[in-house]
Amino acid sequence: MGQVRGLWRDTWWLWGLFVTLIVSFAIFDSIHFLLLLPILPGVFFYFAFNRYDEDGNEKSDF
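Attention in this report is confined to the structure presented alongside it. Computed from a predicted structure; not experimentally measured. (Residues numbered from 1 in each chain as written. Predicted model: local features only at pLDDT ≥ 70, side-chain atom pairs only at ≥ 80, totals over all residues. Heavy atoms only, no water.)

**Considering the environment of Arg5**
For Arg5, the location among the structural elements is in helix α1 (residues 2–28). A residue is classified by how much of its surface remains accessible, and Arg5, at 58% relative accessible area, is exposed. The spacing of Arg5 and Trp15 is 10 residues in sequence and 13 Å in space, taken between C-alpha atoms. (Helix = DSSP H or I, 4+ residues; strand = E, 2+ residues; numbered from the N terminus. Buried < 20%, exposed > 50% of the residue type's maximum accessible area, 1.4 Å probe, protein only.)

Next comes the structure, spelled out in structure tokens:
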């Protein structure tokens, strides 16, 4: 769980921006952009478990 907390601590603003942009595009362009929202958690967890250790610190080998 430390990996998730570490990534959220460092990039919460970026994920908020992604969600805001996707919702904005869905409102102003096409509702099909909402299909991207279920993809975001998968990408988040992928980066969390690959970039951070169990204590929530960024791995040094990157």
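Moving on from the coordinates now.
**Focus: the nonpolar core**
Counting 8 residues, the largest nonpolar core is built from Val4, Leu7, Trp15, Ile22, Leu40, Phe44, Ala48 and Tyr52. At the level of secondary structure, the elements contributing two or more residues to this core comprise α1 and α2 (39–51). When sequence neighbours within four positions are dropped, the list of residues in contact with Ala48 reads Gln3, Val4 and Leu7. (Core = buried A, V, L, I, M, F, W, Y, C linked by side-chain atoms within 4.5 Å. Contact = heavy atoms within 4.5 Å.)

**A closer look at the packing of α1 against α2**
Put simply, α1 and α2 touch, their axes get as near as 10 Å, and they point 150° apart. The angle between α1 and α2 places the two elements in the roughly antiparallel class. Note on packing geometry: the crossing formed by α1 with α2 is right-handed. Here α1 contributes Gln3, Val4, Leu7, Trp8, Trp15, Phe18, Val19 and Ile22 to the contact with α2, which in turn contributes Leu40, Val43, Phe44, Phe45, Phe47, Ala48 and Phe49. (Axes fitted to C-alpha atoms, helices over the stretch in contact; angles between N-to-C directions. Parallel < 35°, antiparallel > 145°, perpendicular 65-115°, else oblique. Left-handed = near helix turned anticlockwise from the far one by under 90°.)

**What about the pattern of salt bridges?**
For the structure on display, the rule yields 2 salt bridges. Residue Asp10 is joined to Arg9 by a salt bridge in which the shortest nitrogen-to-oxygen separation is 3.3 Å. Relative accessible area serves as the criterion here: at 34%, Asp10 is assigned to the partly exposed category. For Arg9, a relative accessible area of 48% corresponds to the partly exposed category. Between Arg51 and Glu58 there is a salt bridge, with its nearest N and O atoms 2.4 Å apart. For Arg51, a relative accessible area of 28% puts it in the partly exposed group. Overall, the relative accessible area of 45% leaves Glu58 in the partly exposed class. (Salt bridge = Lys/Arg side-chain N within 4 Å of Asp/Glu carboxyl O.)

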